[in-house]
Amino acid sequence: MERGGRSRSGSPFPCCSRDDGAMAGLLALVAARLQPAFDRLEPGADPVLRPSGQPGVDFQANGALALAKRVGRPPADLAAEIVATASLGEICTKVEASPKGFVNLTLDDGWLAATLAATAADPRLGRCLAERSLTVVVDYSSPNLAKEMHAGHVRTTIIGDALCRLYADAGHRVIRENHVGDWGTQFGMLIEYLLESGDAGREALSLGDLEGFYRQARAAFDASEELQDRSRSRVVLLQSGDPDTVALWRQYVDLSVAHFTSVYHRLGVLLQPEDVVGESFYNDLLPVVVAELEDKGLLVESEGARCVFPPGFANREGQPLPLIVQKSDGGYNYATTDLAALRDRFGRLGADVAVYVVGAPQALHFQMVFAVGRLAGWIPEGKEPVHVMFGSMLGADRKMFKTRAGDVVKLAELVDEAVERAAAAVAAKSPDLPDGEAQVVAEAVGVGAVKYADLSTDRARDYVFDWDRMLAFDGNTAPYLQYAHARIRSIFRRAGLDAAGLLAGAAAPPVLASPAERDLAVALLDFDTAVAATIGTDSPHKLCSYLFDLAGVFTAFYESCPVLRAPAEVRDGRLLLCAHTAGVLSAGLGLLGITAPERM
Ligand code: ARG
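Now for a look at the structure at hand.

Reading the values: rules and limits
- Residues numbered from 1 in each chain as written.
- Predicted model: local features only at pLDDT ≥ 70, side-chain atom pairs only at ≥ 80, totals over all residues.
- Heavy atoms only, no water.
- Helix = DSSP H or I, 4+ residues; strand = E, 2+ residues; numbered from the N terminus.
- Rg over C-alpha atoms; globule rule 2.2 N^0.38 Å.
- Buried < 20%, exposed > 50% of the residue type's maximum accessible area, 1.4 Å probe, protein only.
- Contact = heavy atoms within 4.5 Å.
- Areas by Shrake-Rupley, 256 points an atom, 1.4 Å probe, with all protein chains shown as cover.
- Lys, Arg positive; Asp, Glu negative; His and termini not counted.
- Charge placed at Lys NZ, Arg CZ, Asp CG, Glu CD.
- Pairing = 2+ DSSP bridges.
- Axes fitted to C-alpha atoms, helices over the stretch in contact; angles between N-to-C directions.
- 1 Å grid on protein atoms, 1.4 Å probe; cavity = no way out; pocket = protein on both sides within 12 Å on 5 of 7 lines; lining within 4 Å.
- Points joined across faces, edges and corners; volume = space filled by probe spheres on them.
- Nonpolar A, V, L, I, M, F, W, Y, C, P; charged D, E, K, R; others polar.
- Near = heavy atom within 4 Å.
- Polar contact = N/O pair within 3.5 Å; in protein donor to acceptor, adjacent residues only side chain to side chain.
- Sits in = over half its atoms within 2 Å of the grid points.
- Expected span 1.5 Å × (residues − 1).
- Bend = angle between axes of the 7 residues up to and from the residue.
- Salt bridge = Lys/Arg side-chain N within 4 Å of Asp/Glu carboxyl O.
- Left-handed = near helix turned anticlockwise from the far one by under 90°.
- Phe/Tyr/Trp six-rings, centres within 6.5 Å; stacked < 30°, edge-to-face > 60°.
- Lys NZ or Arg CZ within 6 Å of the ring centre and 35° of its normal.

Along its length, the protein carries 21 helices and 13 strands. By the compact-globule yardstick of 25 Å for 600 residues, the protein fits well, its C-alpha radius of gyration being 28 Å. The buried share of the protein, reckoned over its 600 residues, is 52%. Here the contacts in the protein between residues at least 6 apart in sequence split such that 72% fall between residues at least 24 apart. If you sum the accessible surface of the protein, you get close to 25600 Å²; carbon and sulfur atoms cover 53% of it. If you average the places of the 58 positive and of the 77 negative side-chain charges in the protein, the two averages end up 4 Å apart.

This is the structure in structure tokens:
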């Protein structure tokens, strides 16, 4: 494992480095033990350790194959040498070189059982802390305040929130920033309309009115040149700090933020009003940013606008591409604001990593902003901005997700519908839940289903929003995992046993007598590996896949190994496996921002 700013995967997040046994992920642990044998052949050579599909073999190291080409020796020779020199002592019962040059490893049952017991007793269930705690600024959700929050904000809000939880859990210091669009010409329009409709400064404007209000303002604006002129003058007043105008603007912003906050709360998203650091926050910094670019000789005048031409960016005709930072009318734009934000995050906030959870269409914008930020010296050496981009959310027709009437889907209504549908699904599946509890479960399942559907697809891809699929109790869905978790909890309830106590006091290692128990043990010990891979690539779907696989391995175990009816000598070990699985499922879902009810 590499030290310092970058880990091997290219991620700015350093992984953990412990080799003290119990708590590190199994794969990382075995890889670390193999490393010296590879280092002897070529310093830093990657063992390329993977889970093995072969029966009786847990892992295989494929690193000798690539190494063979580099050092010019037969892979089988290298593999044999690795087997001879690796110190896998108590960890493996069998280490073998295959004729093709793979190294096959079989873990020792006793060691596996002891490691599992120690991991079960760890409150973090094996997730290790980052080698170095970083300051991570995460820009996510970031809606435009002139509109009601809609389905287009789902992905950034859900992915960003899961990432914040994952980073914080790994020991990083997370600063959430909601870079809301609270500045610009549309606010001139809204304020003029507020004044005209007589709503200005009164309580009359309520949360629910926002969307209608915006639509009416828009329609009035489009219909009246006079209103357009007034709106433009109003923006100038706003941007120059006229107190009355600013007060009206504040009223509107506060109301919008209150609306977003209620939606976040309903979604179980961490963002709070104090995390709002909107575009307006950077207003005073914009001239400073442009002046610094000028001082550094980076500004070029082009058709009246002031631009920076970062090297390496060209349009289709091969012409250099400008990043415009000041328009010909003197106004600043989205890019200027993002440069100011970048400077603020690495400067004032001392970010080690600045993460931007924003859709893929803005990729070029961020590449150019980051490039200009580097040229300007606003990104210290070794620090890194990262654009965590994602694809679009599509409707069943594979077009932009819309209501049946063709309108944008409001986020609040989306959540309502999810919970309503979940309530029906839960009532059908578990008719005996008491009413109050059924409602809590429906809320967890509905919100969980929407979040999980989003998180479980590779974020780079577009994904199709499909109610039936996301709410199904089978397949890679939240309800499936929540149900698997609740079913395990019910084993303990039925037996009157306390799972937490069992985990904490895990003295006797389980007997891993059958292959299904052994598979489950290996899967449970992979939790840290899955979490590290998720953080290393900012890809929550990796954690989802892991949890889904784990639930499958558990089902296979549960089908072939009786638990409560098992003979005394294996019963406790199996109960421990159950408690451990439930713990990993609920912790894993928790890292994704999804609650796992005790009962369903
Ligand atoms: N408000 C923007 C939009 O809705 C997203 C802002 C993303 N963050 C940023 N720093 N540019 O498109």
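Let us keep going from here.
If you trace the three strands from one edge of the open sheet to the other, you get β7-β8-β9, paired in antiparallel fashion. Of all strands in the sheet, those with a lone pairing partner are β7 (300–302) and β9 (323–326), marking the two edges. Going from strand to strand, the sheet's axes swing by 50° on average, the running direction of each strand aside. Direction of pairing for β7 relative to strand β8 (residues 305–308): antiparallel, over a ladder of three bridges. What sits directly across from Val300, in β8, is Cys307.

Turning our eyes to something else, we now look at the environment of Ala486. Tracing the backbone through its elements, the reader meets Ala486 in helix α16 (residues 478–495). Not counting residues within four places of it along the chain, the set of residues in contact with Ala486 comprises Arg493, Pro597, Glu598, Arg599 and Met600.

The subject of this paragraph is empty space enclosed by the protein. A water-sized probe, rolled over the atoms, reveals where empty space remains. In the structure shown here, the tally under the stated rule is two cavities of 30 Å³ or more. By volume, the largest cavity amounts to about 50 Å³. If you go around the largest cavity, the residues you meet are Asn178, Val180, Val257, Phe260, Thr261, Tyr264, Leu271, Gln272, Pro273 and Val276. Its residues assigned to classes, the lining of the largest cavity comprises seven nonpolar, three polar and no charged. Considered as a void within the structure, the second largest cavity measures approximately 30 Å³ in volume.

Turning to the site of the ligand, a few remarks are in order. In the vicinity of the ligand, the contacting residues are Asp139, Ser142, Asn144, His179, Tyr334, Asp338, Tyr356, Val358, Gln362 and Phe366. Contact between the ligand and Ser142: a nitrogen atom at 2.9 Å from a main-chain N or O atom of the residue. The site holding the ligand turns out to be the second largest pocket. Residue composition of the shell around the ligand, grouped by class: four nonpolar, four polar and two charged.

In this section: helix α1 (residues 26–41). Here α1 contains 16 residues, and its C-alpha end-to-end distance of 24 Å stays within 8% of the 22 Å for a straight helix at 1.5 Å per residue. The sharpest bend along α1 comes to roughly 35°, located at Gln35, with the proline Pro36 sitting one to four residues further on. By the burial criterion, the buried members of α1 are Leu26, Leu27, Leu29, Val30, Ala31, Arg33, Leu34, Gln35, Ala37, Phe38 and Leu41.

Here we have four strands laid out as an open sheet, ordered β1-β2-β4-β3, and antiparallel in their pairing. The open sheet has two edge strands with one neighbour each: β1 (49–51) and β3 (92–97). The average angle at which neighbouring strand axes cross in this sheet is 20°, direction not considered. Taken together, the three bridges between strand β2 (residues 59–61) and strand β4 (residues 103–107) define a ladder with antiparallel strand orientation. What sits directly across from Gln60, in β4, is Asn104. Against the sheet, helix α3 (residues 75–85) touches β3 and β4, its axis set at about 155° to β3.

Within the secondary structure, Ala499 sits in helix α17 (residues 499–504). The class of Ala499 is buried, set by a relative accessible area of 8%. With 392 residues separating them along the chain, Ala499 and Leu107 place their C-alpha atoms 27 Å apart. When near neighbours in sequence (up to four residues on either side) are disregarded, Ala499 contacts Arg489, Phe492 and Ala579.

Below, the discussion takes up the pattern of salt bridges. Considering all chains together, one arrives at 31 salt bridges under this definition. With a shortest N-O distance of 3.6 Å, Arg232 and Asp229 are connected by a salt bridge. Separated by three residues within a single helix, Arg232 and Asp229 lie in helix α8 (residues 225–239), roughly one turn from each other. Accessibility expressed as a relative area gives 48% for Arg232, which makes it partly exposed. Look at Asp229 and you get partly exposed, because its relative accessible area is 45%. Residue Glu443 is joined to Arg266 by a salt bridge in which the shortest nitrogen-to-oxygen separation is 2.7 Å. With Glu443 in helix α14 (residues 435–455) and Arg266 in helix α9 (residues 243–267), this pair connects stretches of sequence that are 177 residues apart. It is possible to trace a salt-bridge network through shared partners that takes in Glu192, Glu196, Glu226, Arg230 and Arg234.

Two numbers describe how α16 lies on helix α21 (residues 568–591): the axes approach to 9 Å, and their chain directions differ by 145°. Of the two elements, α16 crosses α21, and the hand of that crossing is left-handed. Residues Leu481, Gln482, Ala484, His485, Ile488, Arg489, Ile491 and Phe492 of α16 pack against Leu575, Cys578, Ala579, Thr581, Ala582, Gly583, Leu585, Ser586 and Leu589 of α21.

The next thing to look at is helix α20 (residues 540–560). With 21 residues, α20 extends 31 Å between its outermost C-alpha atoms, agreeing within 8% with the 30 Å of an ideal straight helix rising 1.5 Å per residue. Among all positions of α20, only Pro540, His541, Leu543, Cys544, Tyr546, Leu547, Leu550, Ala551, Phe554 and Phe557 are buried. Residues of α20 that are buried in the fold lie against α5 (154–169), α14, α16, α18 (515–525), α19 (527–536) and α21.

Let's shift gears to the layout of surface pockets. Considered as a void within the structure, the second largest pocket measures approximately 790 Å³ in volume. What lines the second largest pocket is a set of 34 residues, and nearest its centre among them are His150, Gly152, His153, Thr156 and Gln362. Elements supplying a minimum of two residues to the lining of the second largest pocket: α5 and α11 (334–346). Residues of the lining of the second largest pocket, tallied by class, amount to 15 nonpolar, 13 polar and six charged.

Glancing now at the packing of aromatic side chains. Aromatic rings considered in pairs are described by the distance between their centres and by the relative angle of their planes. What the rule picks out here adds up to 14 aromatic pairs. Residues Phe187 and Tyr252 carry aromatic rings whose centres are separated by 6.2 Å and whose planes lie at 75° to one another, so their mutual orientation is edge-to-face. Note that Phe187 is positioned in helix α6 (residues 185–197) and Tyr252 in helix α9, a separation of 65 residues in sequence. Phe187 sits in the buried class, given a relative accessible area of 1%. On the accessibility criterion, Tyr252 (2% relative accessible area) is buried. One Lys or Arg, Lys429, reaches over the ring of Tyr483 and ends 4.4 Å from the middle of that ring.

Keep in mind these values describe shape, not function.
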